[in-house]
Protein chains: 2
Amino acid sequence: MNRGPATAVLPPIADIGSFHVGGVDVRLDGMPARELTVVPGSPVLRIEQNGDFVAWQVYAQYVRLASPTCPWPVVFWHGGGMTGAAWETTPDGRPGWQRLFLEAGFDTVVSDAAERGRSGWARFPQINLDEPFFMPKGEVWRRYRIGPSEGYASEPAQRRGYPDGRFPIAAFDNYARQIVPRWTGTDRQIANGYRALLERIGPAIIIAHSQGGGFASNAALQHPDLVKALVLVEPGGVSHPQAIGDAAGPPVPTYFIWGDRTEGDAFYRDTRKRSFDAVDAIRARGGEAELLDLPALGITGNSHMIMMDDNSAEIADRTIGWLRSRVVR
Amino acid sequence: MNRGPATAVLPPIADIGSFHVGGVDVRLDGMPARELTVVPGSPVLRIEQNGDFVAWQVYAQYVRLASPTCPWPVVFWHGGGMTGAAWETTPDGRPGWQRLFLEAGFDTVVSDAAERGRSGWARFPQINLDEPFFMPKGEVWRRYRIGPSEGYASEPAQRRGYPDGRFPIAAFDNYARQIVPRWTGTDRQIANGYRALLERIGPAIIIAHSQGGGFASNAALQHPDLVKALVLVEPGGVSHPQAIGDAAGPPVPTYFIWGDRTEGDAFYRDTRKRSFDAVDAIRARGGEAELLDLPALGITGNSHMIMMDDNSAEIADRTIGWLRSRVVR
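Structure report, in brief. (Residues numbered from 1 in each chain as written. Chains lettered and ligands numbered in written order. Predicted model: local features only at pLDDT ≥ 70, side-chain atom pairs only at ≥ 80, totals over all residues. Heavy atoms only, no water.)

So, about the overall build of chain A. When helices and strands are counted, chain A shows 8 helices and 12 strands. Whereas a compact globule of 329 residues would reach a radius of gyration of roughly 20 Å, chain A reaches 21 Å, a difference of no more than 12%. Along the first, second and third principal axes, the C-alpha atoms of chain A reach 65 × 55 × 45 Å. Burial status across chain A gives 64% buried among its 329 residues. With the model as given, the accessible surface of chain A reaches about 11,500 Å², and the carbon-plus-sulfur share is 50%. Between the mean site of the 34 positive side-chain charges and the mean site of the 37 negative ones, chain A shows a separation of 1 Å. (Helix = DSSP H or I, 4+ residues; strand = E, 2+ residues; numbered from the N terminus. Rg over C-alpha atoms; globule rule 2.2 N^0.38 Å. Buried < 20%, exposed > 50% of the residue type's maximum accessible area, 1.4 Å probe, protein only. Areas by Shrake-Rupley, 256 points an atom, 1.4 Å probe, with all protein chains shown as cover. Lys, Arg positive; Asp, Glu negative; His and termini not counted. Charge placed at Lys NZ, Arg CZ, Asp CG, Glu CD.)

Spelled out as structure tokens, the structure:
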């Protein structure tokens, strides 16, 4: 393995491992068995397709430090069309947020939402009722504000980003390799899987991106005992201000992060406004809330994939600073 | 997070991260766009389904020790219907082979085959030509020799294993949570993905299970410069003795591991015999080959999932002993 230049050694690590948790038991009947050659040259197998399945379980990979500086782990929830890989190394090979938070002394849990990545997926239409959708590279480029629409080209050398764009576009194809199919009708199942994850690991700080932000925001409302803080990176949805106002417990401390060029897209205009409204609602109840509005600070060019942009380490530092001053006291 | 009893701290770790590599560029045309609500309450999005995709890329997660005791990493290739999670913590929470090999001083790379886990999967029938198949729990139980066929029941409390069975059957449902759909027509694509992985990381020791064994065996034949040793755990296929005999370079040192109760199933009888034939072919060319035939040593009750069985740590120790005496010298 190319070991490259010497890097800082991570803090002593007590354990690395993973588990699956949650999911729903499903029984299927009435499908014909399939005859398949599963390994070239080996006997044909008759494989039963009926029986017991589990659907919408959740995979989580953990790293436990020997001496963490925070009593709770950070749990990373990815956005739509992605997996936990989004939090690992950046597409151009820089340390991802998983590593940066380990360096800062946090235990980490990197999970895959139900029906993504190592969580597996259940057959459709028998279990997942609708069809998944698949985002072509050009859609990923445009929707995630990697560069201007007209800047996308099939040929990497012909792609053009924004003059001040921060996404490492030379590594865009590496990012495209981590995009996975997703469903839209599985929000309840994903939320249930994440609840099982939180119940398994106990109180945690959730760092969630995009689609994951809605699940994190709702988890904080419904299980405030299990959520010590939220970091929401361009959350695709957050709980309604009314729900935050009406919640039983005190609001969970929340740090919102928003990048550049959100005004040209109805989806981002809408979801960004919901973040601002949530800040007001949390503060109105005496809670801690802060919104890191990068363009307002003169930090331009951030895409939707802030944890992959060229200033991802700086944003992680700011986030860790907020957690240290407002949560881990 | 439940930190449990104090465990041994791992050797100092220089880096933890991941990457995607390989895959084939595919262009789709002629499909209608879809209108979807991707986040509850947010505007409907019109999502283009045509354009550029990458298919059959490979995900790999690496842990690099500060001072490894072996110059090459071990790369773990899982079996059919599984992901790299098979090598992490066992379903009943004991250290998996990833951790055991880290403790022994090896860098580790845990990968997901193309179309499994975090490698993602391409739509069918447009890109993957056939349909995936899904194994119900009862099939997993029977085919992987977890217990007798009639010992499977939907209700965990009613399941009965073999009297001497070594699979942790109380945790069988945790194992079932890590089963994922798979295709049968993608062998060439999976092999190409794994070749890209080896080219990226350089010479490695491959530890492969079941279906992964065929890919590993062929990789050793085709790229002997990139494969320092093979550990094949109940390989589903190994290269034909003739091909081993005719290969250009010297045979790659290979350690085969076989568990119990293979004689009652045509698939295992056949694939096990191919392992014995491969040992003969490797030795006939002056190469190193050993077959750890557990029942012949009086070690009974191992399932197909040897890295999860109750003696998984002992089998890892034996494997590490063989690597130290025959490969890392």
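Past the structure itself, the notes keep going.
A few words on the packing of aromatic side chains. The tally for this structure, following the rule as stated, stands at 45 aromatic pairs over all chains. For the pair F124 of chain A and F124 of chain B, a centre-to-centre distance of 5.9 Å together with 40° between the ring planes defines the contact as tilted. Taken together, the residues F124 of chain A in the loop between β8 (108–112) and α2 (137–143) and F124 of chain B in the loop between β8 (108–112) and α2 (137–143) connect one chain to another. A network of ring pairs unites the aromatic residues W121, F124, F134 and W183 of chain A together with W121, F124, F134 and W183 of chain B as a single cluster. (Phe/Tyr/Trp six-rings, centres within 6.5 Å; stacked < 30°, edge-to-face > 60°.)

Here the focus is the interface of chain B and chain A. Counting residues at the interface gives 101 residues for chain B, matched by 101 residues for chain A. Regarding the contact of chain B and chain A, the summed buried area is about 8,100 Å², with carbon and sulfur atoms giving 54% of it. At the junction of chain B with chain A, the criterion picks out 8 salt bridges. Its salt-bridge partner being D25 of chain A, residue K137 of chain B comes within 3.4 Å of it at the nearest N-O pair. Taken together, the links from chain B to chain A amount to 42 residue pairs in polar contact (both at pLDDT 80 or more). Considering each element in turn, the side of chain B that touches chain A owes the most residues, 8 residues, to strand β1 (residues 13–21) of chain B. (Contact = heavy atoms within 4.5 Å. Buried area = accessible area lost by both parts, 1.4 Å probe. Salt bridge = Lys/Arg side-chain N within 4 Å of Asp/Glu carboxyl O. Polar contact = N/O pair within 3.5 Å; in protein donor to acceptor, adjacent residues only side chain to side chain.)

We now examine the relation of the copies chain B and chain A. Its rotation angle being 180°, the transformation that places chain B on chain A also includes 0.0 Å of axial translation and leaves an RMSD of 0.0 Å. What the superposition gives is, in effect, a two-fold axis relating one chain to the other. In terms of C-alpha distance to the rotation axis, chain B has G117 of chain B as its closest residue, with the C-alpha 2.1 Å off the axis. When you check the interface residues of chain B against chain A, 100% turn up at the interface there too, and the contact is symmetric in its surfaces. (Least-squares fit on C-alpha atoms with pLDDT ≥ 70 in both.)

The next thing to look at is the environment of R159 of chain A. All names here are of chain A. If you trace the backbone, R159 turns up in the loop between α2 and α3 (172–176). A relative accessible area of 8% means that R159 is categorised as buried. The spatial distance from the C-alpha of R159 to the C-alpha of F172 is 9.6 Å, given a sequence separation of 13 residues. Side chain to side chain, R159 and D173 meet in a polar contact 2.9 Å long.

Residues and elements named next belong to chain B. Taken in spatial order, the 8 strands of this open sheet run β1-β6-β8-β7-β9-β10-β11-β12, and their pairing is mixed. Every interior strand has two partners, whereas the edge strands, β1 and β12 (289–293), have only one. Strand-to-strand twist of the sheet, defined as the mean angle between neighbouring strand axes without regard to direction, takes the value 15°. In terms of strand pairing, β1 meets strand β6 (residues 58–65) through 8 bridges, oriented antiparallel. Note that in β6 the partner of D15 across the bridge is R64. Against the sheet, helix α5 (residues 211–222) makes contact with β7 (74–77), β9 (204–209) and β10 (227–233), and its axis sits at roughly 150° relative to β9, the strand it touches most. (Pairing = 2+ DSSP bridges. Axes fitted to C-alpha atoms, helices over the stretch in contact; angles between N-to-C directions.)

Glancing now at the sheet that holds strand β11 (residues 254–258) of chain A. Residues and elements named next belong to chain A. Strand order in the open sheet formed by 8 strands is β1-β6-β8-β7-β9-β10-β11-β12, with mixed pairing between adjacent strands. At either margin of the open sheet sits one strand with a lone partner, and together these are β1 (13–21) and β12 (289–293). Sheet twist, expressed as the mean angle between neighbouring strand axes with direction ignored, is 15°. The strands touched by helix α5 (residues 211–222) within the sheet are β7 (74–77), β9 (204–209) and β10 (227–233), with β9 carrying the most contacts at an inclination of about 150°.

Another point: the side chain of E234 of chain A. Residue and element names in this part refer to chain A. Relative to the helices and strands, E234 is located in the loop between β10 and α6 (241–246). For E234, a relative accessible area of 1% corresponds to the buried category. At a separation of 2.5 Å, a polar atom in the side chain of E234 contacts the side chain of H304. Other than its neighbours up to four places away in sequence, E234 contacts R145, S210, I257, W258, G259, T262, Y268, S303, H304 and I306.

On to the pattern of salt bridges, then. Two side chains that carry opposite charge are able to pair once their charged atoms sit near each other. Under the defined criterion, the tally for this structure stands at 48 salt bridges over all chains. A salt bridge links R145 of chain A to E234 of chain A, with the shortest nitrogen-to-oxygen separation between them at 2.7 Å. Residue R145 of chain A is found in the loop between α2 and α3, and its partner E234 of chain A is found in the loop between β10 and α6; the two are separated by 89 residues along the sequence. The partner of D270 of chain B in a salt bridge is R274 of chain B, with the nearest N and O atoms 3.7 Å apart. Of the two residues, D270 of chain B and R274 of chain B both sit in helix α7 (residues 266–284), 4 residues apart, roughly one turn of that helix. Overall, R274 of chain B belongs to the partly exposed group, its relative accessible area being 21%. Taken together, the shared-partner salt bridges in this structure form one network comprising D25 of chain A together with K137, R159 and D173 of chain B.

Residues and elements named next belong to chain B. The contact between helix α4 (residues 187–201) and α5 brings their axes to 10 Å, and the two run at 60°. For the element pair α4 / α5, the angle class is oblique. Here α4 runs over α5; the crossing is right-handed. Residue-level contacts link D187, I190, A191, Y194 and L198 of α4 to Q211, F215 and A219 of α5. (Parallel < 35°, antiparallel > 145°, perpendicular 65-115°, else oblique. Left-handed = near helix turned anticlockwise from the far one by under 90°.)

Attention now goes to the pairing of β7 of chain A. Residues and elements named next belong to chain A. Where burial is concerned, the two faces of β7 agree: the one with V74 and F76 and the one with V75 and W77 are both buried. Sheet analysis places β7 next to β8, joined by 3 bridges and oriented parallel. Looking across to β8, one finds that V74 is bridged to T108. Each parallel crossover has a hand, and for β7 linked through helix α1 (residues 97–103) to β8 it is right-handed. (Right-handed = clockwise from strand over helix to strand, strands pointing away.)

Before going further, it helps to spend a moment on helix α7 (residues 266–284) of chain A. If you check α7 of chain A, its first and last C-alpha atoms are 27 Å apart, about what 19 residues at 1.5 Å a residue would give, namely 27 Å. For α7 of chain A, the set of buried residues is F267, Y268, T271, R272, S275, A278, V279, A281 and I282 of chain A. Of the surrounding secondary structure, the elements contacted by the buried residues of α7 of chain A are α2, α6, β11 and β12 of chain A together with β4 (45–47) of chain B. Two to three positions downstream of the cap, the backbone nitrogen of F267 of chain A sits 2.7 Å from a side-chain oxygen, assigning the N-cap of α7 of chain A to D265 of chain A. G286 of chain A lies just past α7 of chain A and shows a positive phi near 85°. (Expected span 1.5 Å × (residues − 1).)

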